[in-house]
Amino acid sequence: EMMTAKLGDGWNVGILIFLVILGIMVSLMNKAGGSASFGKWAANKIKTRAGAQLATVALGCLIFIDDYFNCLTVGSVMLPVTDKHKISRAKLSYIIDATAAPVCIIAPISSWAAAVTSSVPDGSSINGFVMFLETIPYNFYALLTITMMITLALLDFDFGPMKIHEDNAKKGDLYTTPERPFEGADDESKNSTKGKVADLVIPVIALIICCVSGLLYTGGFFTGSSDYFMDVMGAFADCDAPTGLMYGSFLALLFAF
C-alpha cells in the first residue's frame, strides 16, 4: 500500500524515470567505450597518486546533476587511472561517494536541489529555490567534506582501516578483502577499445544542457508571456524539477543513442 502511494506521486515517478535514464546513459557510455577511453586518456596525463585522487574529486565536482549519476560515471572513468597509480578500490569508492552527495547538495541544478526545494509546503510565502540558494554557504558538511577530500589527496594521508587498504594497494593488492567480491566486475568496460573520449564527454555535456533547459522550460522561461517570461533564477525558482529533469534526461538519452 505504501509502495502504491509512493508510485502514485507524480514527483516520485518523475525522479524515478530520471534516475533510470541516467543508468541507461552510463551503460551506453560504457558499451560505447567512452568511459574506458576517457580513463586511458586521463591515465596518460596524470603522473602521481595525488593527481589521480584530485582528478577523481574534480570529475566528481563537474558531474553535479545527480549523485547516483556521479558515482556511476566517475567510478567507470577513473578506474584505469587509480589502478595505474595503485590506489585501492576502497579509497576510490570513498572519494567518489564523499564527493558525489556533497557537490550535488550545493549545486543549484541537481536532483537534490529539486528534492530540497520541493520540501517547502505549497502556498508558503518562502520560495523553495531561493531558500536553497541562501543555505548553500551554511552547508558545512558538504563544504568541509570536499575540502577534506582535497586535503587527504594532497597529503597522501590515511588512517584506520583505509590505511590498511592503501598500504596493500601500494604493494599491488587493490582489494585487500580475501574473497575478492568485485574483482573483474569492471572487465566489460575495459574490453571496450573502439570508443573515443568524445563518447563520454559529449553525452555528459548534452545531459547538463538538456536538464538545465528542461528546468527552465518547466519554469516558464521560454513561454515569452508577460506572466512567465522571467530571468533565469526566477525560472529555476518556479520550475517543476522532476518533470524538467525527466524531459532533459530523455532528450540527452536520444542524443546519446
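Provided above is the structure to which this section pertains.
Described below are features of the structure shown in this document. (Residues numbered from 1 in each chain as written. Predicted model: local features only at pLDDT ≥ 70, side-chain atom pairs only at ≥ 80, totals over all residues. Heavy atoms only, no water.)

## Observations regarding the overall build of the protein chain
Tallying secondary structure elements over the protein chain gives 14 helices and 0 strands in all. Written out in order from the N terminus, the α and β elements of the protein chain read α-α-α-α-α-α-α-α-α-α-α-α-α-α. For the protein chain, the proportion of contacts with a sequence separation of at least 24, taken over those separated by at least 6, is 74%. Accessible surface for the protein chain amounts to roughly 13400 Å². Of this, 66% is attributable to carbon and sulfur atoms. (Helix = DSSP H or I, 4+ residues; strand = E, 2+ residues; numbered from the N terminus. Contact = heavy atoms within 4.5 Å. Areas by Shrake-Rupley, 256 points an atom, 1.4 Å probe, with all protein chains shown as cover.)

## Quick look at helix H5 (residues 67–84)
Over its 18 residues, H5 extends 25 Å from the first C-alpha to the last, a length consistent with the 26 Å expected when each residue adds 1.5 Å. Where H5 bends most, the angle comes to about 45 degrees, and this point is Met 78, followed within four residues by the proline Pro 80. Where burial is concerned, most of H5 is hidden: 13 out of the 18 residues are buried. Phi for Lys 86, located one or two positions after H5, is positive at around 55 degrees. (Expected span 1.5 Å × (residues − 1). Bend = angle between axes of the 7 residues up to and from the residue. Buried < 20%, exposed > 50% of the residue type's maximum accessible area, 1.4 Å probe, protein only.)

## Re a nonpolar patch on the surface
Where nonpolar side chains cluster on the molecular surface, the patch consists of Tyr 94, Met 148, Ile 150, Leu 154, Leu 155, Phe 157 and Phe 159 and spans about 690 Å² of accessible area. No other element matches helix H9 (residues 140–155), which puts 4 residues into the nonpolar patch. (Patch = residues over 30% accessible without salt bridge, like charges linked within 9 Å, V, L, I, M, F, W, Y side chains within 5 Å. Salt bridge = Lys/Arg side-chain N within 4 Å of Asp/Glu carboxyl O.)

## Some details on the pattern of salt bridges
Should their charged atoms come close, side chains of opposite charge can pair. For the coordinates displayed, the defined rule picks out 6 salt bridges. Residues Asp 83 and Arg 89 are paired through a salt bridge, measuring 2.8 Å at the closest nitrogen-oxygen approach. The pair Asp 83 / Arg 89 is uniform in exposure class, with both members buried. The salt bridge partner of Lys 163 is Asp 167, with a shortest N-O separation of 3.6 Å. Taken together, the positions of Lys 163 and Asp 167, both in helix H10 (residues 161–170) and 4 residues apart, correspond to about one turn of that helix. The class for Lys 163 is partly exposed, based on a relative accessible area of 40%.

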